[in-house]
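Chain by chain, the residues run as shown.
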Amino acid sequence: MPAADPQASEHEHQLAMHQVVERLFKAQDADAVAVACHTYLTSMVEGAQTAWCKKGERSDSPHARMLASDPRQGRVLEVQLPESIDPEPLAAHLDWLGRIAGMRLRQQDETVHLYDAVSRLAQAERLQRALYAIADQARTDRDMNEVMRSLHGIVGSLMYAENFYIALYDRRRKRIRFAYFADTTDTDGPGSNESMPLDAIRNTLTWYLIRDGRPMMGGMDKLATQVDGPLTPTGPTCVDWLGVPMLRGGEVVGGLVVQSYREEARYTGQDQELLGYVAQHVQTALERREAHADLERRVNERTEALREANRVLQQQVLERQRGERLQAALFRIAELANTTESIDEFYAAVHRVIGGLIYSRNFYLALKEEDREELSFPYSVDEFDSFRKPRALGHGLTEYVLRHGKPLLVGHDDIQRMVGQGDLVQSGATSHCWLGVPLVCDDQVNGVLAVQSYSPEHQYTSRDQELLTFVSYHIANALQRKRSAESLKQAYAGLERRVNERTRALALANRDLREQIAERERVERRLKYETLHDSLTGLPNRALLLQRLEHALQRYHTDRRQMFAVLFIDLDRFKVINDSVGHLIGDDLLFQVGGRIRACLKTRDLVARLGGDEFAVLVEGIGDARSIQRIAERVIGELHTPFRIGAKELFTSASVGIALAAPHYRRAEELLRDADSAMYSAKAGGRHRSEVFDDRLRRNAVSQLEVEGDLRRALTRNEFEPFYQPIVRLADGRILGYEALMRWRHPERGLLAPGEFLTVAEDSGCSEAIDWKIFEHVCKQARSLVGTSGFISINLSGRHFRSPDIDRRLLDLLAEHNVPPKSLRVEVTERTLLENPEQIKRSLDAMRKAGLTIALDDFGTGYSSLSYMHQYPIEVLKVDRSFVIRLSKDADDQGAAIVRAIQALADSLHMQVIAEGIETEAQRVALQRIGCKFGQGFLFSQARPAEHWLAQPHAAGQPPSEPVKAKT
């Protein structure tokens, strides 16, 4: 290597190179590398200088040269040689030094990256342990104070948290409680069970944390800039303060706060983020302590499994070599068991194998004789006891292993202790260490394999115990094979005897089994029959009928010529027979009905009882609809013939619904459903007849289903509203009040009158709910429509009076909307009064006492009993429109006579009369001539929404500018 000093020896150069290499690889940072390079260069070249410079800012001097690059700080190490020194002879040497320095800088960079990764991993592991610990608090059954202290310790493991408290906030009660408070300076903190109003800590840091629901961190000056109001300090002034809210569904339910009174302990943004993350887990832990019991068990099990797996893995590594040696020894023992000519040779060979595994200079084998309580020693090698004579079982170490059936490893002190306790009687020379394992055959201890040492140099361990125990199993198996050979012949004889006995037992068992199988098949056939047949009539039931229908439907879809039909038969007025003569006679009648139906059909046709008085018939191979109708008429005629049951003669009839196979049917239940629908149509048509299901019935069923669905949706969408028809004074047309009539604003069909949907509403149970919707609308609009001088009439059907509190509900509705009772009239029909007279009378009396007016609607179309007039609190009679229509200019006709009689009756009882359905001026004049003063009808106006009447210049109680005439 060229050198600046021509007198320097090669030896000095080599020594300097070794020293710089050693210093470079001891350097802990980049500056130390630069110092090592500078020291070396100045020792070699006087006046050489080294310096760090940024990349791209290197010197352009020919005496400047880059040695190495620092990848961590993005700079390069540059050497500046004196101008008197030629750099070319030193180039190779500088390159060598640069490579060594660059390699060390890269190693330092990799080490720093590795330390950073380890630090992040340690932090993540610490956070994970903290989260596990928080989750553990959710599952623990400890006291809450202990849980809080544990949470404090967890937070303290993540950051400086010597001063820590948890505040819980009840938003509903606006109260706060400090569930945990630990502070080294503030000794007068709040109690953990003390709850206080949130305003009690107004303008404090905790108050702002709970109110704003966002994290806050810093000293008091910095915290003052983070709040939008005055800051009231409480307790000792801290150097640094960090608080994060606990949130549930976006709402603040508490907060976690740590604070420091020391300058060296300040919090960072990372601490804030970490505490905020921990706060949500603390919130979850506090809320779900009880819910995490099962999770705790699974986590513990998984942790234990991982710990055990780790332990096993470590043991596998340690025992790999030991296992290889043991495997070789076992192969050798297995070979000896088959190659040695005598058992003595086998014992000696096993001794040699064991000697290759553990110290076995002193070795013996002891066997327990089966026929007597004696211990023999077929093989023994010992330094002191060269020959072991057989002996009776006593209390030696060998007998101890025999009694307990477990390996025993004892030292000299253990032996003396056992002797002192009386568990052992020492015989022979005293061992310094003794190891014995039992020889186990067929779960019985038959002997002991033992090794011992008389000097401290040789000590046995638990691994030696395991090894000797494992070897003992092979020795025991070899002994067992020797003994088994002697008893093999006896075993063969006994086996043959047992085989013969077992053969006879199996023959008897097979015979019993065949009998049990036959009995089970008989029971299964009986159960299958009972499952598919009716217990009363013996006819097939619904399940068997549906099976046959499915098969018939499949055949029909394969071949349309395989026509069939379903008859649904229902007895008319069967309930009357059951109620009058009893269920036993009714059952006999059903039995005979099934027989008569069966007699009307072919053998291949199926008759089934569906339940009650309903029967169904599957008729296959029919030609057309007319043939199946003839079968139905034959069944109806047969059932119309009187039945003789005991001494009674009973009469009944039947209604039959027919459903013919068609391509659109895909399931058997659809045919049965349509036949049932046709049967109900036959009943509605007069009973004792048959009806074939056709498109008209299908449309009616679908339409009724659609209307019912629309009705239920209309209730939720509030599509029902009242229309108001005015009730006027006939003399001048002045409006006195209105009658509220129901209308449905259908989103697709437009405005519908009650006649288009009321029947479906009554059948589906929706009508009462619709009425209450109308009543509510009326009460909302009553004060705007009639003020305090008019009235509105509503109609109550008999269904409403089934509820005993109808009067209270109606009066509560009026009070809710501030409507005076005198502004409402209740109209009932004569038919309603007949349904439940006592209940209706109580309800009407209660309404009348409260101030409501009771009107009898459609008078003259019912029974028109005079008892209504004094039995019920009726004040108004409404003449039905059927009598008004018959009126003409001639007041002497029959219609006028009836109306005149009603008017005279009402006048005598001081009742008001209102004529309904006035459509012509002649009718109005005729009614005035009779003496009727009030009326309503299309002559004056048809029913219109409340908006129409509110837009008119007149109100109830004032005459209109011109009556509105509408067409019917």
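Residues numbered from 1 in each chain as written. Predicted model: local features only at pLDDT ≥ 70, side-chain atom pairs only at ≥ 80, totals over all residues. Heavy atoms only, no water.

### Here we look at the pattern of salt bridges
Alright, step 1. Applying the stated criterion across every chain, the model contains 44 salt bridges.
Alright, step 2. Across the salt bridge formed by Arg609 and Asp534, the nearest N and O atoms sit 3.1 Å from each other. With a gap of 75 residues between them, Arg609 in strand 17 (residues 606-611) and Asp534 in the loop between helix 12 (462-532) and helix 13 (542-558) connect regions that are remote in the sequence. As far as the burial class goes, Arg609 and Asp534 line up, both buried.
Alright, step 3. With a shortest N-O distance of 2.4 Å, Arg555 and Glu620 are connected by a salt bridge. A residue pair is termed long-range when its members are at least 10 positions apart, and Arg555 in helix 13 and Glu620 in strand 18 (residues 614-620) qualify at 65 residues.
Alright, step 4. Taking relative accessible area as the criterion, Glu620 reaches 9% and is therefore assigned buried. (Salt bridge = Lys/Arg side-chain N within 4 Å of Asp/Glu carboxyl O. Helix = DSSP H or I, 4+ residues; strand = E, 2+ residues; numbered from the N terminus. Buried < 20%, exposed > 50% of the residue type's maximum accessible area, 1.4 Å probe, protein only.)

### Digging into the side chain of His746
Alright, step 1. Along the chain, the position of His746 falls in strand 24 (residues 735-746).
Alright, step 2. A polar contact is formed between the side chain of His746 and the backbone nitrogen of Glu748, at a distance of 3.0 Å.
Alright, step 3. Filtering out sequence-adjacent residues up to four positions away, His746 remains in contact with Asp710, Glu719 and Leu752. (Polar contact = N/O pair within 3.5 Å; in protein donor to acceptor, adjacent residues only side chain to side chain. Contact = heavy atoms within 4.5 Å.)

### Overview of the packing of aromatic side chains
Alright, step 1. Tallied over the full model, the rule gives 14 aromatic pairs.
Alright, step 2. Relative to Phe564, the ring of Tyr556 lies with its centre 6.2 Å away and its plane at 85°, an arrangement referred to as edge-to-face.
Alright, step 3. With a relative accessible area of 6%, Tyr556 lands in the buried category.
Alright, step 4. A ring pair is formed by Tyr724 and Tyr738, whose centres lie 6.1 Å apart and whose planes are at 70°; its orientation type is edge-to-face. With Tyr724 in strand 23 (residues 720-729) and Tyr738 in strand 24, the pair connects residues that are 14 residues apart, well separated along the chain.
Alright, step 5. Taking the relative accessible area as the measure of exposure, Tyr724 reaches 0% and is therefore buried.
Alright, step 6. We classify Tyr738 as buried; its relative accessible area is 1%.
Alright, step 7. Its end group placed over the ring of Trp772, Arg809 keeps NZ or CZ at 4.0 Å from the ring centre. (Phe/Tyr/Trp six-rings, centres within 6.5 Å; stacked < 30°, edge-to-face > 60°. Lys NZ or Arg CZ within 6 Å of the ring centre and 35° of its normal.)

### Some words on a nonpolar patch on the surface
Alright, step 1. Where nonpolar side chains cluster on the molecular surface, the patch consists of Tyr492, Leu495 and Val499 and spans about 300 Å² of accessible area.
Alright, step 2. If you trace the backbone, Tyr492 turns up in helix 12.
Alright, step 3. In this structure Tyr492 comes out as exposed when scored by relative accessible area, which is 54%. (Patch = residues over 30% accessible without salt bridge, like charges linked within 9 Å, V, L, I, M, F, W, Y side chains within 5 Å. Areas by Shrake-Rupley, 256 points an atom, 1.4 Å probe, with all protein chains shown as cover.)

### Digging into a positive patch on the surface
Alright, step 1. Taken together, the side chains of Lys602, Arg604, Arg630 and Arg634 make up a positively charged region of the molecular surface.
Alright, step 2. Checked against the element boundaries, Arg634 lands in helix 16 (residues 625-640).
Alright, step 3. Accessibility expressed as a relative area gives 42% for Arg634, which makes it partly exposed. (Lys, Arg positive; Asp, Glu negative; His and termini not counted. Charge placed at Lys NZ, Arg CZ, Asp CG, Glu CD.)

### Quick look at the sheet that holds strand 9 (residues 251-260)
Alright, step 1. A sheet is described by the order of its strands in space; here six strands give the open sequence 6-5-4-9-8-7, paired in antiparallel fashion. Every interior strand has two partners, whereas the edge strands, strand 6 (195-197) and strand 7 (216-218), have only one. For this sheet the average axis-to-axis angle between neighbouring strands, irrespective of direction, equals 20°.
Alright, step 2. Strand contacts of helix 7 (residues 269-287): strand 4 (163-170), strand 7, strand 8 (240-248) and strand 9, with the helix running at about 40° to strand 8, the strand carrying the most contacts. (Pairing = 2+ DSSP bridges. Axes fitted to C-alpha atoms, helices over the stretch in contact; angles between N-to-C directions.)

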